[in-house]
Amino acid sequence: MTEEEKINQEEEEILNDQEQESQDDNTAADGSTTDSPAVDGSPVDDTPADDTADDQDPLEKAQAEIADLKNQLLYKVAEFDNYRKRTLKEKAELILNGGEKAVSAILPVIDDMERAIDNGAKTDDPEVLREGMDLIYHKFMKALESLGVKKIETENADFDTDVHEAVAMVPGMGDDKKGKVIDCLQTGYQLNDKVIRHAKVAVGQ
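Residues numbered from 1 in each chain as written. Predicted model: local features only at pLDDT ≥ 70, side-chain atom pairs only at ≥ 80, totals over all residues. Heavy atoms only, no water.

(A) How the structure looks around the sheet that holds strand β6 (residues 199–204). If you walk across this open sheet you meet the 3 strands as β2-β6-β3, and the pairing is mixed. Of all strands in the sheet, those with a lone pairing partner are β2 (164–170) and β3 (181–186), marking the two edges. On average, each strand axis in the sheet is tilted by 30° relative to the strand beside it, whichever way the strands run. Here β3 runs beside β6; their pairing, made up of 4 bridges, is antiparallel. Directly across from Asp-183, in β6, lies its bridge partner Ala-202. (Pairing = 2+ DSSP bridges. Helix = DSSP H or I, 4+ residues; strand = E, 2+ residues; numbered from the N terminus. Axes fitted to C-alpha atoms, helices over the stretch in contact; angles between N-to-C directions.)

(B) Representation of the pattern of salt bridges in the model. Within this structure, the stated rule accounts for 7 salt bridges. Linking Asp-81 and Arg-84 is a salt bridge whose minimum nitrogen-to-oxygen distance equals 2.8 Å. Taken together, the residues span about one helical turn, with Asp-81 and Arg-84 both in helix α2 (residues 58–97) at a distance of 3 residues. Asp-158 is paired through a salt bridge with Lys-180; the nearest N and O atoms lie 2.7 Å apart. Residue Asp-158 is found in the loop between β1 (149–151) and β2, and its partner Lys-180 is found in the loop between β2 and β3; the two are separated by 22 residues along the sequence. The class of Asp-158 is partly exposed, set by a relative accessible area of 49%. The exposure class assigned to Lys-180 is partly exposed, which follows from its relative accessible area of 25%. (Salt bridge = Lys/Arg side-chain N within 4 Å of Asp/Glu carboxyl O. Buried < 20%, exposed > 50% of the residue type's maximum accessible area, 1.4 Å probe, protein only.)

(C) Here's a closer look at the packing of aromatic side chains. In this structure the tally under the stated criterion is 1 aromatic pair. Considering the side-chain rings of Phe-80 and Tyr-83, the 6.5 Å spacing of their centres and the 40° angle between planes classify their relative orientation as tilted. Of the two residues, Phe-80 and Tyr-83 both sit in helix α2, 3 residues apart, roughly one turn of that helix. Judged by its relative accessible area of 53%, Phe-80 falls in the exposed class. (Phe/Tyr/Trp six-rings, centres within 6.5 Å; stacked < 30°, edge-to-face > 60°.)

(D) Spatial organisation of the confidence of the model for the protein chain. Averaged over every residue, the pLDDT of the protein chain is 81; residues scoring 70 or more account for 76%. Contacts of residues 31–39 to residues separated by more than four positions or lying in other chains number 5 contacts, the stretch itself having pLDDT below 50. (pLDDT = per-residue confidence, 0-100. Contact = heavy atoms within 4.5 Å.)

Next up, the structure:
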């Protein structure tokens, strides 16, 4: 090989080496390699992490919530049914035995009336009978008061449609008697401040 040929061969090898280095640099620049090492020299794992691996299935979660709400509803329905039955029982007992307190309060008065009847057969003195009736009456009124029953006052009272019922109008009574109760024809009563019978009265005009 002549000297000129050797020079040409060396120039071709140099050109080939430069082209190879240029190709390597371009490959590194566009990041197309898959096995490039990380900063610490370990290979980089490009596999995406499974973020939903630990999450519960939405359908299963919804079914669990439905089951929980169903249990709560069944519990509330059972609780309300027990309350309804208990209330009906208490109401029935109240209707049947609601007058027990009133009857118990009146029984002693009945005993006194029976004794008064027996004693009335043994005497002809009307004063004794009158005293006996008076005692029974006051005892009976105390029994009613213990149950919350009281008379509606009418003496010198202003006419009040809430508790009075006017059955007669009395004219010519003067201005000071106008709108006043003149006379009570039938006593009225209240039970725990509720009118159970209006007092029938005559009112001045």
